[in-house]
Amino acid sequence: AKVHHHKWEISYQFKSPDCLKKLAVTINGQTPGPTIYATEGDTVVIEVKNSLLTENVAIHWHGIRQIGTPWMDGTEGVTQCPILPGDTFVYRFLVDQAGTYIYHAHYGMQRSAGLNGMIVVKVPDGFKEPFTYDHEHSILLNDWWHNSTYEQAAGLALPGKQFTWVGEPHSLLINGRGKFNCSLNVGGTCNSTNPECAPYMLTVVPGKTYRLRIASVTSLSALNFEIEGHSLTVVEADGHYVDPFVVKNLNIYSGETYSVILKADQDPTRNYWLASNVVSRKPGTPTGTGILHYYGVPRGRLPTNAPPVGPLWNDTMYRFNQSVAIHAHPSFIESPPSKSDRMINLLNTQNRVNGVMRWSINNVSFDLPHTPYLIALKNNLNNVFEQRPPPDTYDVKSYDIFIPPVNPNATRSNSIYKLEYGSVVDVILQNANTLTANNSETHPWHLHGHDFWVLGYGLGKFDPASDPKRYNLKNPILKNTVVVHPLGWTAIRFKADNPGVWAFHCHIESHFFMGMGIVFEEGVEKLGQLPKFIMGCGESKLGN
Ligand code: C2O
Ligand code: CU
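From a predicted model like this one, the values you see are computed outputs, not experimental measurements.

### Some remarks on the overall build of the chain
So, step 1. When you go through the chain residue by residue, the secondary structure sums to four helices and 32 strands.
So, step 2. The C-alpha radius of gyration computed for the chain amounts to 22 Å, which stays within 12% of the reference 24 Å derived for 544 residues, consistent with globular compactness.
So, step 3. The dimensions of the chain, computed from C-alpha atoms along their principal axes, are 65 × 55 × 55 Å.
So, step 4. For the chain, the residues scored as buried account for 52% of the 544 residues in total.
So, step 5. A fraction of 79% describes how many contacts in the chain between residues 6 or more apart in sequence connect residues 24 or more apart.

### Some points on the sheet that holds strand E14 (residues 232-237)
So, step 1. Judged by pairing direction, the sheet is mixed, and its six strands sit side by side in the order E10-E9-E12-E17-E14-E15 without closing on themselves. Of all the strands in the sheet, just strand E10 (171-174) and strand E15 (240-247) have a single pairing partner and so form its edges. Along the sheet, successive strands turn relative to each other by an average axial angle of 25°, direction set aside.
So, step 2. The pairing of E14 with E15 spans five bridges and is classified as antiparallel. Paired with Val234 across the strands is Phe245, a residue of E15.

### Observations regarding the pairing of strand E32 (residues 517-522)
So, step 1. Of all six residues making up E32, six are buried, and the element is well covered by its neighbours.
So, step 2. Burial of the side chains of E32 extends over both faces: Gly517, Val519 and Glu521 are buried on one face and Ile518, Phe520 and Glu522 on the other.
So, step 3. Strand direction decides the pairing type here: strand E24 (residues 417-419) and E32, joined by three bridges, are parallel. Note on E32: the bridge partner recorded for Lys418 is Glu521.
So, step 4. Looking at chain direction, strand E31 (residues 500-506) and E32 are connected through six bridges and run antiparallel. Note on E32: the bridge partner recorded for His505 is Gly517.

### Focus: the environment of Val44
So, step 1. Mapped onto the fold, Val44 is located in strand E4 (residues 43-50).
So, step 2. Residues Val44 and Arg92 lie 48 residues apart in sequence; the distance between their C-alpha atoms is 5.7 Å.

### Topic: the confidence of the model for the chain
So, step 1. Of all residues in the chain, 99% attain a pLDDT of 70 or more, and the chain-wide mean is 97.
So, step 2. Listed scores for the predicted complex are pTM 0.98 and ipTM 0.99.

### Considerations on the domain arrangement of the chain
So, step 1. The domain architecture assigned to the chain consists of domain 1 (3-324) and domain 2 (334-534).
So, step 2. Domain 1 and domain 2 are separated by 25 Å when their C-alpha centres are compared.
So, step 3. In this complex, domain 1 contributes 42 residues to the contact, which on the side of domain 2 involves 45 residues.
So, step 4. Ranked by residue count, the leading element in the side of domain 1 that touches domain 2 is helix H2 (residues 316-324), at five residues.
So, step 5. Here the side of domain 1 that touches domain 2 is built from residues that sort into 19 nonpolar, 16 polar and seven charged.

### Comments concerning the UniProt feature "domain: Plastocyanin-like" (unreviewed entry) in the chain
So, step 1. As annotated by UniProt and renumbered to match this structure, "domain: Plastocyanin-like" (unreviewed entry) occupies residues 14-123, 137-296 and 402-523.
So, step 2. Overall, residues 14-123 shows 0% helix and 41% strand. The separation of its end C-alpha atoms is 37 Å.
So, step 3. Secondary structure content for residues 402-523 is 4% helix and 43% strand, and the end C-alpha separation is 38 Å.

### Structural notes on the nonpolar core
So, step 1. Grouped together as the largest cluster of nonpolar side chains are 138 residues, with contacts concentrated most on Ile119, Leu141, Ile214, Val260, Tyr373, Ile492 and Val519.
So, step 2. Among the elements that take part in this core, strand E18 (residues 272-279) stands out by supplying six residues, more than any other.
So, step 3. Counting residues domain by domain, this core receives three or more from each of domain 1 (3-324) and domain 2 (334-534).
So, step 4. For Ile119, the residues in contact, after removing those within four places along its chain, are Ile36, Trp61, Tyr101, Ile102 and Tyr103.
So, step 5. Listed in part, the five residues of the second largest apolar core include Leu20, Phe180, Cys190 and Cys197.

### Structural notes on the sheet that holds strand E7 (residues 99-105)
Remark on secondary structure: sheet strands pair via backbone hydrogen bonds, oriented parallel or antiparallel.
So, step 1. If you trace the four strands from one edge of the open sheet to the other, you get E3-E8-E7-E5, paired in mixed fashion. At either margin of the open sheet sits one strand with a lone partner, and together these are strand E3 (36-39) and strand E5 (59-62). Going across the sheet, the axis of each strand differs from the next one's by a mean of 20°, ignoring polarity.
So, step 2. Relative to strand E8 (residues 116-122), E7 runs antiparallel, the two being bridged by six bridges. Residue pairing for E8: His104 is matched across the bridge by Asn116.

### Some details on the pairing of strand E13 (residues 222-227)
So, step 1. Across the six residues that make up E13, a large majority, six, are buried.
So, step 2. With burial as the criterion, each face of E13 is covered, one bearing Ala222, Asn224 and Glu226 and the other bearing Leu223, Phe225 and Ile227.
So, step 3. Here E13 pairs with E18 via six bridges, running antiparallel. In the strand pairing of E18, Phe225 is matched with Ser276.
So, step 4. Bridge analysis of E13 against strand E16 (residues 249-252) gives four bridges, and the strand direction is antiparallel. Bridge assignment links Phe225 to a residue of E16, and that residue is Leu250.

### Side note on the environment of Pro389
So, step 1. Within the secondary structure, Pro389 is located in the loop between helix H3 (373-378) and strand E23 (411-413).
So, step 2. Those residues in contact with Pro389 that lie beyond four places of it in its chain are Ser415, Ile416, Tyr417 and Lys418.

### Considerations on unusual backbone geometry
So, step 1. Pro32 follows Thr31 through a cis peptide bond whose omega is -10°.
So, step 2. Mapped onto the elements, Pro32 comes out in the loop between strand E2 (22-27) and E3.
So, step 3. Residue Gln66 is not a glycine yet carries a positive backbone phi of 55°.
So, step 4. Turning to its location among the elements, Gln66 is positioned in the loop between E5 and strand E6 (88-94).
So, step 5. Not every positive phi belongs to a glycine, and Asn175 is a case in point at roughly 50°.

About the cut-offs
- Residues numbered from 1 in each chain as written.
- Chains lettered and ligands numbered in written order.
- Predicted model: local features only at pLDDT ≥ 70, side-chain atom pairs only at ≥ 80, totals over all residues.
- Helix = DSSP H or I, 4+ residues; strand = E, 2+ residues; numbered from the N terminus.
- Rg over C-alpha atoms; globule rule 2.2 N^0.38 Å.
- Buried ≥ 20, exposed ≤ 12 C-beta atoms within 10 Å, placed from the backbone.
- Contact = placed C-beta atoms within 7 Å.
- Pairing = 2+ DSSP bridges.
- Axes fitted to C-alpha atoms, helices over the stretch in contact; angles between N-to-C directions.
- pLDDT = per-residue confidence, 0-100.
- Domains from an automatic or database assignment.
- Nonpolar A, V, L, I, M, F, W, Y, C, P; charged D, E, K, R; others polar.
- UniProt positions renumbered as here; feature names shortened; annotations may be inferred.
- Core = buried A, V, L, I, M, F, W, Y, C linked by C-beta atoms within 7 Å.

Here it is, written out as structure tokens:
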């Protein structure tokens, strides 16, 4: 096994990913950051120097479970203190599972400022994957605003009526490139011929087969990715092999990763569109485009037809059916435990707390503490977060998910769920109507420190008497991020066997910021002494 060393300097730089010049948080001057390549069993070392003048940073390795190294998870307020300007933090972790993963800032809403990238973990030599291909490429999807993250965050936190929503993204980016319409004259420097916003070009040789690793780090948008005229065969999801299925286009939610197989088997005398479209919210953003370039055709020759517009944005069934179609590959089934020791019902609602719009789970809207939980729990700092646990359930019988909350009030808390080490936990994520009548949003939930089995999805209200009987215990896929469809539910199962403290939250940046998350603790007593370099903030002064 190898050790891969990287030196990253994080700084603000002017970037024009969609042709409009804007300050972005970059890694060594790049956004998205460099792709990390490694092989299963390798160790990755990333020396992160914070050169932001006045801003902290923390980087999360999304999908890497950090078994035995919970302090390397990079989650500010949960596993570490933020990295101060001028400071260097060395992340060091094992990549123990081949697959496609991502990394991104995990501090405030910093991810949306540009600090994100991909992690590609290859299988060890001699290992046979259940599919073959000639070449592979990575495609990172994102949404992008011209407003700064601070402007976005301030709008969300304002009380009552002054809630200022940033609105739909200005652009959709494919590998960090999009195209804002400069003729809209919104001010600022917009130059449609800037090479920084030249469309991403995927060159293929006619007749060859490609593995595309596709990931989404969007702040808000659920996306649909399509390659004009080509079908895609889904073969991997979140680092696990999928029983292959063919799609015309792929729905992908923030925090998810997939591998698809693409055959360059169409008319090789022309180029084709790569298209990223918003789904599940009424689109206010033009299609994000790139080019599938057939080798031999002039690179700059754009398709003459319009790019694909994707499925109907509000066709929930279309997306639901794709979620349900994802199963473990028959030769790579890891069976879930047949029963769970604990069932946690999490109702997802939009609420108001003292006039401020928030998202809540079982009527508790989550706030991060200033002393990271990991340090607080390990070192018995009992005064730094609410010690009473949050509720395991809500009023399952009488809560009407189809109407806005009758009592929209919620409480804010930083309390956490303590799981018995080694126990099997079921979580039912139940979606509901928002504060607006006839409205329910899509929420991609991401669990740190684990993969979980996806046991089932439903539309409407989960029925604890009948729905568990329909769980897929035969070939459920393991994932780290799963979607909850509008007015639907999603059931997952995992084993609480990774000592540490782990965030579980909606991957929409503003939703987590507005309280849509919880935290699990398990087996912290099994950990040895915590490294000092994660400490220094709040009550975790060195030596505490
Ligand atoms: Cu990719 Cu806690 O997030
Ligand atoms: Cu959400």
